[in-house]
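Residue-level structure breakdown
Take a look at the letters that make up each chain.
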Amino acid sequence: MLHTVPVQGDGNGWARCGLGHRHWGRFGAAGLLLVRPVTVEFQVLLQHRAVWTSDGDTWGVPGGARDSHETSVQAALREAAEEAGIVADDVEVAGLWHDDHDGWEYVTVVASALAEIILEPNAESADLRWVELDEVENLHLHSGFAKTWPRVRETYLSR
Ligand SMILES: [Zn+2]
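Here's a quick rundown of the structure. (Residues numbered from 1 in each chain as written. Predicted model: local features only at pLDDT ≥ 70, side-chain atom pairs only at ≥ 80, totals over all residues. Heavy atoms only, no water.)

Digging into the coordination of the zinc ion
Selection criterion: Shown as donors are all N, O and S atoms within 2.8 Å of a metal ion, widened to 3.2 Å for Na, K and Ca; because water is not in the atom set, sites may appear incomplete. Each label reflects the angles at the metal, where four donors whose angles all fall between 85 and 135 degrees are tetrahedral, four or six donors whose opposite pairs open beyond 155 degrees and whose other angles stay between 65 and 115 are square planar or octahedral respectively, and the rest are irregular. A 1.4 Å probe rolled over the protein chains alone gives each residue an accessible area, and that area as a share of the maximum for its type sets the label: buried under 20%, exposed over 50%, partly exposed in between.
Coordination of the zinc ion by the protein involves Cys17 (SG), His21 (ND1), His23 (NE2) and His101 (ND1), with metal-donor separations of 2.0 to 2.2 Å. Geometry at the zinc ion is tetrahedral, judged from its 4 donor atoms and the angles of 99 to 129° they form at the metal. Each donor residue of the zinc ion lies on one chain, and together they are spaced C-x3-H-x1-H-x77-H. Judged by its relative accessible area of 33%, His21 falls in the partly exposed class.

Structure follows, in structure tokens:
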């Protein structure tokens, strides 16, 4: 049995999916959709992506390329820690939403905040903001997230 050493960051790179798009993440990508209850409503944590990032100057969830040795949940939590300072122990995963692009996929990890989240944006985050569910579509959304959001909302966040 050959043991290979996990290579940190080996997911960084472009991939082409079976639908002909170019995506960041050689082994797919994942992001964290963090939800918190506010009185009787929910808010979700969105990231204003820095202009220089892929599909920059749009709003989406913290996330990025999955490394070959990671699960989608691990990738999403690592990226959320890097980009927003989110501590894995402070969130509970509620479900996974798979956007299948024929040979490439983006996994949205839906999670609830168990504690007060202290946000620490890195350079990839121009802004991080808790957004009311009805306000999400008023923002200029990342193209992938724009397609995913209505379905994730209906599946996980409708009351
Ligand atoms: Zn695609």
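Having seen the model, we can carry on.
Some remarks on the side chain of Glu83
Rule in force here: Elements are defined by DSSP. Helices are runs of H or I of four residues or more, strands are runs of E of two residues or more, and each kind is numbered from the N terminus. For this count, His and the chain ends are skipped, Lys and Arg are scored as positive, and Asp and Glu as negative. Only one rule defines a salt bridge in this text: a Lys or Arg side-chain nitrogen within 4 Å of an Asp or Glu carboxyl oxygen. Contacts were defined at the residue level, with two residues in contact if any of their heavy atoms lie within 4.5 Å.
As for its position among the elements, Glu83 is in helix α1 (residues 72-84). One buried charged residue, Glu83, forms no salt bridge at all, with the nearest opposite charge on Arg49 at 6.2 Å. Once residues within four sequence positions are removed from consideration, Glu83 is found in contact with Gln47, Pro62, Gly63, Glu120, Pro121, Asn122, Glu124, Ser125 and Leu128.

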